[in-house]
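Each chain, written out:
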Amino acid sequence: MKILVMNAGSSSQKSCLYEIGNALPAKVPEPLWEAKIDWTHQPNVAELKVTTGKGELKAELPADDRPQVIQQLLQSLWTGETQVIADPQEITVVGHRVVHGGQDYHSSIRITPDVKAAIDRLSALAPVHNPANLEGIEAIEQFLGDVPQVAVFDTAFHAQMPDAAAIYPGEYDWVEKGIRRYGFHGTSHRYCADRVAELMGRNLNELRLITCHLGNGCSLAAIQNGHSIDTTMGFTPLDGLMMGTRSGSVDPSILIYLMRQEGYTADQLDQVLNKKSGLLGISGISNDLRSITEAIEFGNTRAKLALDIYIHRLRRELGGMLMSLGGLDGLVFTGGVGENSARVRSAACEPLSWLGIKLDPHQFVSREDTLISAPDSATSVWVIHTQEDWTIARDCWEILVNS
Ligand code: ADP
């Protein structure tokens, strides 16, 4: 079965095509075709890049005609240098990453008019992402007809969080209005939890895990009985840890202060908190940890402060997740920072030494998922290469096989 994955974000659309036979493979397969549209890298220009084992396509297209750009992306599957299928009919199913599934969706689901209406309704909670996800679903309807489509929600893995973790202690009205902690990065946290249970040779339902997804966006999840019971992101992906350009949690009174004293509008606050804060905001250099660590080597004190805050908040939130679980069987690092920065992993784990959690001093991490704790560590610590697109493809396969 050929499965097309559509992963639409605020500034990009990533897609890939997997082929899965009658059984799920033991190892994550390479996709047959990968494509990316960058909507914002150049003003008014959409950059399309497609790669396959055989060829490559690069194009610059007018960004204002978005359906046309998505059509070009899809057509590269069956035409030109990047052709991997003879006919669009060969695509069995299309899986979409959908950021917000609200409280109703606990798992991935076949897209129906009702599901589309729910994604649309939830755009109020994810104004940048859900409309982009819906756009992808509608583009498939337009260009591929009535191929089955599946929605894989970022929020689903967290949807069974207990009320005590999910409900904010504001006015009770908020509960009725759906203002609560939803959590995000669920597909990544779920993949890492499944994968680490497999590597540990244990049943996921018996394990207490913390998964640290540290990329441009960062979140932790506390996992028990196979689902998330607490997480650092909240009503939106702004809550919790310090991130590349997002502040994470700040005292809400700061916003009231800025509105009253400096006349900030809602849009300006949104810009500051989401785009101008975090590693970028404090360092003034970059949202990319590699540039921050380089600047630290040259003695840049703001870069050093940015990393110090990042680490402090990571440790603090790790402590919170640990207490929500009341114990720990495995700790996982994933995402661009989690997979690549031994410095961040070491700093995050240092205070855990009093619990007997120790990292292997060499932390040799290959392209494979790796155990990085010392042999005498009380709890195992892992680097897992997250596979969100593969998880979406796997969900599609399971839904179709079982329907
Ligand atoms: P996204 O959240 O956009 O999917 P990624 O998970 O790919 O992002 O993470 C991107 C971030 O990972 C970069 O901004 C950078 O800070 C970090 N990163 C990538 N490679 C390295 C590395 N070798 N060392 C440290 N940080 C890295």
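Being a predicted model, the structure only gives us computed values, none of them experimental.

Draft legend 1. Examining the site of the ligand more closely. Around the ligand, the neighbouring residues are Gly-215, Asn-216, Gly-217, Asp-288, Leu-289, Arg-290, Gly-335, Gly-336, Val-337, Asn-340 and Ser-341. Interatomic distance of 3.3 Å between a side-chain N/O atom of Asp-288 and an oxygen atom of the ligand. Interatomic distance of 3.4 Å between a side-chain N/O atom of Arg-290 and a nitrogen atom of the ligand. If the ligand stood free it would expose 580 Å²; the protein chains cover 68% of that surface. Every element with two or more residues in the shell around the ligand is listed here: α10 (289–297) and α12 (335–340). Classifying every residue of the shell around the ligand by side-chain character gives two nonpolar, seven polar and two charged.

Draft legend 2. Region of the structure containing the side chain of Ser-12. Secondary-structure assignment places Ser-12 in strand β2 (residues 12–19). A relative accessible area of 13% means that Ser-12 is categorised as buried. In this structure, Ser-12 is in contact with Asn-7, Lys-36, Ile-37 and Trp-39, ignoring residues within four places of it in sequence.

Draft legend 3. Quick peek at the packing of aromatic side chains. For the structure shown, the criterion picks out three aromatic pairs. Aromatic side chains Tyr-18 and Trp-390 sit 5.3 Å apart centroid to centroid with 65° between the ring planes, which places their arrangement in the edge-to-face category. Taken together, the positions of Tyr-18 in strand β2 and Trp-390 in helix α14 (residues 388–401) put the pair 372 residues apart, joining distant regions of the chain. The exposure classification of Tyr-18 matches that of Trp-390, with both residues buried. Between Tyr-182 and Phe-235, the aromatic rings sit 6.4 Å apart at their centres with planes inclined by 35°, giving tilted as the arrangement. Of this pair, Tyr-182 sits in the loop between α5 (173–176) and α6 (186–200) while Phe-235 sits in the loop between β11 (227–231) and α7 (252–262), and the two are 53 residues apart along the sequence. The exposure class of Phe-235 is partly exposed, given its relative accessible area of 25%. In this arrangement the basic side chain of Arg-66 is found over the ring face of Trp-39, its NZ or CZ atom lying 4.0 Å from the centre.

Draft legend 4. The pairing of strand β14 (residues 380–383), seen in detail. Side-chain alternation along β14 places Ser-380 and Trp-382 on one buried face and Val-381 and Val-383 on a second face that is also buried. With four bridges connecting them, strand β12 (residues 330–334) and β14 associate as parallel partners. Pairing of Leu-331 across the sheet is with Val-381, part of β14.

Draft legend 5. Main features of the sheet that holds strand β13 (residues 370–371). Strand order across the open sheet formed by six strands is β11-β10-β9-β12-β14-β13, with mixed pairing between neighbours. In this open sheet, the two strands that pair with only one neighbour each are β11 and β13.

Draft legend 6. Structural view of the pattern of salt bridges. Inspection of every chain in the model, using the stated rule, returns 20 salt bridges. One network of salt bridges, in which partners are shared, links Lys-2, Glu-19 and Glu-90.

Draft legend 7. The sheet that holds strand β5 (residues 56–62), seen in detail. Here we have eight strands laid out as an open sheet, ordered β5-β4-β3-β2-β1-β6-β8-β7, and mixed in their pairing. Two strands bound the open sheet, and with one partner strand each, they are β5 and β7 (109–110). Across the face of the sheet, α14 comes into contact with β1 (2–8), β2, β6 (91–98), β7 and β8 (149–153) while running at roughly 125° to β6.

Draft legend 8. Layout of the side chain of Arg-345. On the secondary structure map, Arg-345 appears in helix α13 (residues 342–349). Discounting chain neighbours no more than four positions away, the residues touching Arg-345 are Phe-333, Gly-338, Glu-339, Asn-340, Leu-359, Gln-363, Val-365, Ile-372 and Val-383.

Draft legend 9. Region of interest: unusual backbone geometry. Phi at Asn-44 takes a positive value of approximately 60°, unusual for a residue other than glycine. Phi angles above zero are rare outside glycine, and His-185 is one such case at about 60°. Its place among the elements puts His-185 in the loop between α5 and α6.

Draft legend 10. Structural detail: α6. With 15 residues, α6 should cover 21 Å at 1.5 Å per step; its first-to-last C-alpha distance of 21 Å lies within 8% of that length. If you check which residues of α6 are buried, you get Gly-186, Thr-187, Ser-188, His-189, Tyr-191, Cys-192, Ala-193, Arg-195, Val-196 and Ala-197. Each element contacted by the buried residues of α6 is listed here: β8, β9 (209–214), β10 (218–224), β12, β14 and α14. One or two steps after α6, the chain reaches Gly-201, where phi turns positive at roughly 70°.

Draft legend 11. Representation of the packing of helix α11 (residues 301–325) against α13 in the model. Across the interface, α11 lies against α13 with an axial gap of 9 Å and an inter-helix angle of 50°. In terms of orientation, α11 and α13 fall into the oblique class. For the pair α11 and α13, the sense of crossing is right-handed. In contact with Leu-307, Tyr-310, Ile-311, Leu-314, Arg-315 and Leu-318 of α11, α13 contributes Arg-343, Val-344, Ala-347 and Ala-348. Considered class by class, the residues forming the contact of α11 with α13 number eight nonpolar, no polar and two charged.

Draft legend 12. Highlighting the pairing of β2. Within β2, six of the eight residues are buried, leaving the element largely enclosed by the surrounding structure. The turn joining β1 and β2, which pair antiparallel and follow one another in sequence, is formed by three residues. Summarising the sheet, β2 and strand β3 (residues 33–42) pair through six bridges and their orientation is antiparallel. From the neighbouring strand, Lys-14 faces β3, where its bridge partner is Lys-36.

Draft legend 13. Summary view of the nonpolar core. Counting residues in hydrophobic clusters, the biggest one holds 44 residues, and the most contacted among them are Ile-210, Leu-214, Tyr-310, Leu-331, Phe-333 and Val-344. Contributing elements (two or more residues each) for this core: β9, β10, α10, α11, β12, α13 and β14. The element that contributes the greatest number of residues to this core is α11, accounting for 10 residues. Val-93, Cys-192, Val-196 and Ala-197 belong to the second-largest nonpolar core, a separate cluster that totals 29 residues.

Criteria and thresholds
- Residues numbered from 1 in each chain as written.
- Predicted model: local features only at pLDDT ≥ 70, side-chain atom pairs only at ≥ 80, totals over all residues.
- Heavy atoms only, no water.
- Near = heavy atom within 4 Å.
- Polar contact = N/O pair within 3.5 Å; in protein donor to acceptor, adjacent residues only side chain to side chain.
- Areas by Shrake-Rupley, 256 points an atom, 1.4 Å probe, with all protein chains shown as cover.
- Helix = DSSP H or I, 4+ residues; strand = E, 2+ residues; numbered from the N terminus.
- Nonpolar A, V, L, I, M, F, W, Y, C, P; charged D, E, K, R; others polar.
- Buried < 20%, exposed > 50% of the residue type's maximum accessible area, 1.4 Å probe, protein only.
- Contact = heavy atoms within 4.5 Å.
- Phe/Tyr/Trp six-rings, centres within 6.5 Å; stacked < 30°, edge-to-face > 60°.
- Lys NZ or Arg CZ within 6 Å of the ring centre and 35° of its normal.
- Pairing = 2+ DSSP bridges.
- Salt bridge = Lys/Arg side-chain N within 4 Å of Asp/Glu carboxyl O.
- Axes fitted to C-alpha atoms, helices over the stretch in contact; angles between N-to-C directions.
- Expected span 1.5 Å × (residues − 1).
- Parallel < 35°, antiparallel > 145°, perpendicular 65-115°, else oblique.
- Left-handed = near helix turned anticlockwise from the far one by under 90°.
- Core = buried A, V, L, I, M, F, W, Y, C linked by side-chain atoms within 4.5 Å.

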